[in-house]
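# Structure assessment
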Amino acid sequence: VLNRRCVEAAVMTGLALNCSINKKSLFDRKHYFYADLPAGYQITQQRVPIAVNGSLSYSLCIDNKMSQMVTKTVRIKQIQLEQDSGKSLHDDTRSQTLVDLNRAGVGLMEVVMEPDMCCGEEAAAAVRELQLILQTLGSSQAVMAEGQLRVDANVSVHHPGEPYGVRTEVKNINSIRFLAKAIDYEIQRQIEELEKGGTILNETRAFDSKLGCTVPMRDKEGKQDYRFMPEPNLPPLILYDAKSLPANVNHQQVVNIDWIHERLPDLPSVKRAKLVERYGILPEHSFTLLNEDGLTEYFENVVKQTQMKPKKVIGWILNDLLSYLKQHSLTVKESPVSSFLLADLLNLLEKKEISSTAAKQVLAELWKGEGKTPLEIVKEKKLEVIQNQKELEQICQAVIDGQENEVMAIKAGNQKVLNKLIGLVQRQTQGRSNPVLVKQLLEKKLS
């Protein structure tokens with residue numbers, strides 16, 4: 001029996017990927033014998049799939065520089081509905097394979113891309129964008145580690161102007177990082193094989209993440225005959241749009257393409273553009289916000305609760321909060337520092353009640369998750385900015401008196417040395433001085 005939700009998810013995904021939706025699509029049986037396929041055939045859409053001729057735009061960094069990004073497009077050949085197979089679990093220590101059939105027969109959506117990508121980095125960026133789109137639509141949670149999104153990479157090499165070479169298929173890659181590594185390894189392996197006079201076999205391979213290489217799984221034995229035939233138990237799938245929808249029809253019994261189109265949410269590309277426009281942040285920062293699950297909501301919550309400008313807030317979130325999260329392998333939702341606490345801290349900094357050095361110390365304390373507020377930590381650790389200007393002047397004078405060589409260098413015109421004196425005052429005050437005020441006081445005393 002066909003699952004209505006699967007059909008709607010496929011139509012939604014097809015529309016999001018700029019595909020033409022076929023109002024009539026057909027189901028077929030694909031016959032092959034394998035342990036994870038108990039029926040001996042898989043229901044798929046070989047002749048007329050549900051969606052065709054789409055495109056997916058994705059961005060990637062040039063030379064790993066986030067500030068230099070290029071947008072590329074990969075064509076989508078088709079989207080088809082089919083049955084998932086079981087899961088083979090290879091136990092090398094016992095030299096046996098176990099089969100988990102829990103997901104066998106469950107609806108699966110396959111997105112087939114054209115060979116428009118030339119390296120692992122491009123494929124990884126395209127799949128990451130696809131993953132974000134699927135999560136935005138709700139078509140899939142698309143968590144690769146849990147098998148909700150899997151990638152089969154077809155790789156071949158050829159000289160420019162020549163036809164594509166024989167391709168190998170690297171099956172069931174379950175992480176974006178491994179996808180990039182598997183493709184780059186396979187490209188290099190095929191080039192080396194051909195350069196020494198060998199031939200590339202049309203075979204199925206797997207990526208061994210521990211060894212960082214692909215290994216053969218089974219030979220495709222040339223062109224395999226899957227003996228496709230029309231699926232006798234499923235009639236053609238008929239979809240409607242506003243024009244073709246019959247009168248007096250029960251809307252629960254049909255899928256309306258236009259109705260789905262009207263309800264499409266903002267896609268990641270639109271969300272990124274809105275973030276840049278609304279908050280004045282850099283385009284590359286919008287990519288990071290969307291790539292980390294829950295980070296956009298976190299950022300927007302902080303912005304709502306603080307007087308600090310969004311451009312400054314983004315620096316604290318991307319440089320400080322994210323590095324803490326990655327250091328401790330935590331997701332945004334698992335962060336011990338809530339958006340409310342970070343906003344509270346940034347408000348103290350914005351009101352100049354604490355220095356940025358002290359703010360970093362407070363963040364480190366908040367990270368311990370002891371339930372204290374930023375203000376409580378500031379008072380407990382005595383991190384308030386020194387408000388008494390006379391006290392600050394005395395500290396600045398003491399630093400000047402102890403740094404004769406630096407003072408001479410500044411008076412000779414080397415203003416860069418002034419930063420060293422500011423740093424020494426900060427150290428003396430344990431980060432409790434306002435660097436801008438310290439700079440003014442030092443300049444006045446040295447003039």
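You'll find the chain entered in an unreviewed UniProt entry as Cytochrome c oxidase assembly factor PET112 homolog, with Phalacrocorax carbo given as the organism. UniProt's Sequence similarities (unreviewed entry) comment on the chain is quoted here verbatim: "Belongs to the GatB/GatE family. GatB subfamily."

This part covers the environment of G371. Secondary-structure assignment places G371 in the loop between α10 (356–366) and α11 (374–381). Sequence spacing of G371 and L341 is 30 residues, and the spatial spacing of their C-alpha atoms is 10.0 Å.

Right, let's talk about the packing of helix α5 (residues 268–279) against helix α6 (residues 283–291) for a bit. Closest axis-to-axis distance for the α5/α6 pair is 9 Å, and the angle between their directions is 125 degrees. Classified by the angle between their axes, α5 and α6 sit oblique to one another. For the crossing formed where α5 meets α6, the hand is right-handed. From α5, P268, K271, R272, L275 and V276 reach across to α6, where they touch P283, S286, F287, L289 and L290.

A few words now on the pairing of strand β3 (residues 28–31). In regular strands, side chains alternate between the two faces of the sheet. The pairing of β3 with strand β4 (residues 41–44) spans four bridges and is antiparallel. Among the inter-strand pairings, D28 is bridged to a residue of β4, identified as T44. Pairing of β3 with strand β14 (residues 229–230), which is carried by two bridges, proceeds in the antiparallel orientation. Note that in β14 the partner of D28 across the bridge is P230.

On to the domain arrangement of the chain, then. When its domains are assigned, the chain resolves into domain 1 (4–139 + 218–238), domain 2 (268–381) and domain 3 (389–446). Placing the centre of domain 1 and that of domain 2 at their C-alpha centroids yields a distance of 37 Å. Of the residues lining the interface, nine residues belong to domain 1; the matching set on domain 2 comes to ten residues. When the two sides are added together, the surface that domain 1 and domain 2 hide from each other amounts to roughly 760 Å², 59% of it contributed by carbon and sulfur. Run the count over domain 1 and domain 2 and you get one salt bridge. Its salt-bridge partner being E129, residue R272 comes within 2.7 Å of it at the nearest N-O pair. Summed over the shared surface of domain 1 and domain 2, the number is two residue pairs in polar contact (both at pLDDT 80 or more). When residues of the side of domain 1 that touches domain 2 are traced back to their parent elements, those giving at least two are β6 (65–83) and α2 (120–137). Among the elements that make up the side of domain 1 that touches domain 2, the one with the highest residue count is α2 (five residues). In terms of residue class, the side of domain 1 that touches domain 2 is built from four nonpolar, three polar and two charged.

Topologically, L201 is positioned in the loop between α3 (176–195) and β12 (203–208). Taking the C-alpha atoms as reference points, L201 and T168, separated by 33 residues in sequence, lie 7.0 Å from one another. With near-sequence residues (within four places) excluded, L201 lies in contact with V166, R167 and T168.

What counts and what doesn't
- Chains are numbered independently. Their residues run from 1 in the order of the written sequence.
- In keeping with the predicted nature of the model, local features appear solely for residues at pLDDT of at least 70, side-chain atom pairs appear and are counted solely at 80 or more, and the whole-chain, interface and lining totals rest on all residues.
- Excluding hydrogens and water, the side-chain figures rest on all heavy atoms present in the structure.
- UniProt positions are given in the numbering used here, feature names are shortened, and annotations may be inferred rather than shown by experiment.
- Only runs of H or I of at least four residues qualify as helices and only runs of E of at least two qualify as strands under DSSP, and these elements are numbered from the N terminus.
- Orientation is described by axes fitted as lines to C-alpha atoms, over the contacting stretch for helices, and by angles from 0 to 180 degrees between their N-to-C directions.
- Here roughly perpendicular refers to angles of 65 to 115 degrees, roughly parallel to angles under 35, roughly antiparallel to angles over 145, and oblique to all remaining angles.
- Helix crossings get a hand from a simple test, with the near helix turned counterclockwise from the far one by less than a right angle marking a left-handed crossing and a clockwise turn marking a right-handed one.
- The contact definition used throughout considers only heavy atoms, calling two residues in contact when any of these lie within 4.5 Å.
- A strand pair is defined by DSSP finding two or more bridges across the two strands.
- These domain boundaries are the output of an automatic or database domain assignment.
- As a working definition, buried area equals the accessible area (1.4 Å probe) given up by two parts on being put together, with both sides summed.
- For this document, the term salt bridge refers to a Lys or Arg side-chain nitrogen within 4 Å of an Asp or Glu carboxyl oxygen.
- A 3.5 Å cut-off defines polar contacts: any pair of N or O atoms within that distance qualifies, except that in protein one atom must be a possible hydrogen donor and the other a possible acceptor, and neighbouring residues in sequence count only when both atoms are side-chain atoms.
- Think of it as three bins: nonpolar holds Ala, Val, Leu, Ile, Met, Phe, Trp, Tyr, Cys and Pro, charged holds Asp, Glu, Lys and Arg, and polar takes everything else, Gly as well.

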